[in-house]
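# Chain and residue survey
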Amino acid sequence: MAGEQKNGLSYKARRRWSMVLLLIGLPAYIVAVVTVINWLGRPPIWLELLVYVALGILWALPFKFIFKGVGKEDPNGSSD
């Protein structure tokens, strides 16, 4: 079928979930990572930077299917 989604989420649902992840999930993840790093003690600045960069990329990988195509026009042509 032409308009069928592979992952089962409509464009509108993916847009909503991406906003929830960016406005609630990402700040919560940042707080959790900083808290864990502080519990472990302050590593050298280069190692700390490397950890933050790696974890900054890692958080988005499980949600790649939600963010994919969200910045483009609705492929089904329906408006919000």
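See above for the structure.
We now turn to the structure provided with this report.

What counts as what
Residues numbered from 1 in each chain as written. Predicted model: local features only at pLDDT ≥ 70, side-chain atom pairs only at ≥ 80, totals over all residues. Heavy atoms only, no water. Helix = DSSP H or I, 4+ residues; strand = E, 2+ residues; numbered from the N terminus. Buried < 20%, exposed > 50% of the residue type's maximum accessible area, 1.4 Å probe, protein only. Contact = heavy atoms within 4.5 Å. Patch = residues over 30% accessible without salt bridge, like charges linked within 9 Å, V, L, I, M, F, W, Y side chains within 5 Å. Areas by Shrake-Rupley, 256 points an atom, 1.4 Å probe, with all protein chains shown as cover. Salt bridge = Lys/Arg side-chain N within 4 Å of Asp/Glu carboxyl O. Expected span 1.5 Å × (residues − 1). Bend = angle between axes of the 7 residues up to and from the residue. Phe/Tyr/Trp six-rings, centres within 6.5 Å; stacked < 30°, edge-to-face > 60°. Polar contact = N/O pair within 3.5 Å; in protein donor to acceptor, adjacent residues only side chain to side chain. Axes fitted to C-alpha atoms, helices over the stretch in contact; angles between N-to-C directions. Parallel < 35°, antiparallel > 145°, perpendicular 65-115°, else oblique. Left-handed = near helix turned anticlockwise from the far one by under 90°. Nonpolar A, V, L, I, M, F, W, Y, C, P; charged D, E, K, R; others polar.

Let us look at the overall build of the protein. Broken down by element type, the protein carries 3 helices and 0 strands. Counting helices and strands in the order they occur from the N terminus, the protein gives α-α-α. Across the 80 residues of the protein, 14% fall into the buried class. Considering only residue pairs separated by 6 or more positions, the protein has 74% of its internal contacts joining residues 24 or more positions apart.

Judged by side-chain polarity, Trp17, Met19, Val20, Leu22, Leu23 and Ile24 come together as a nonpolar surface patch covering roughly 610 Å² of accessible area. You can see Trp17 is positioned in helix H1 (residues 11-40).

Side-chain pairs of opposite charge can arise where the charged atoms are in close proximity. In this structure the tally under the stated criterion is 1 salt bridge. For Glu48, the salt bridge identified is with Arg42, shortest N-O distance 2.7 Å. Exposure remark for Arg42: the relative accessible area of 66% places this residue in the exposed category.

With that settled, the discussion passes to H1. Because an α-helix completes one turn every 3.6 residues, residues spaced three or four positions apart along the sequence face the same direction. In this model H1 runs 41 Å from its N-terminal to its C-terminal C-alpha over 30 residues, within 8% of the 44 Å that 1.5 Å per residue would give. Maximum bend of H1: about 35 degrees, positioned at Leu21. Considered for burial, the residues of H1 that qualify are Tyr11, Arg14, Ser18, Leu21, Val33 and Ile37. Here the buried face of H1 lies against helix H2 (45-58) and helix H3 (64-67). One or two positions beyond H1, positive phi appears at Gly41, with a value near 95 degrees.

Inspection of the entire model under this criterion finds 1 aromatic pair. Ring geometry for Trp59 versus Phe63: centroids 6.4 Å apart, planes at 50 degrees, classification tilted.

Mapped onto the secondary structure, Ser18 falls in helix H1. Of the residues examined, Ser18 reaches a relative accessible area of 4% and is grouped as buried. Of note is the side chain of Ser18, whose polar atom sits 2.7 Å from the backbone oxygen of Arg15. Setting aside residues no more than four positions away along its own chain, Ser18 makes contact with Ile66, Phe67 and Val70.

Further remarks concern the packing of H1 against H2. The contact between H1 and H2 brings their axes to 12 Å, and the two run at 150 degrees. With respect to their mutual orientation, H1 and H2 come out roughly antiparallel. Both H1 and H2 take part in a crossing whose hand is right-handed. Side by side, H1 and H2 meet where Tyr29, Val33, Val34 and Ile37 of the first sit next to Glu48, Val51, Tyr52 and Leu55 of the second. Grouping the amino acids of the contact of H1 with H2 by side-chain chemistry returns 7 nonpolar, no polar and 1 charged.

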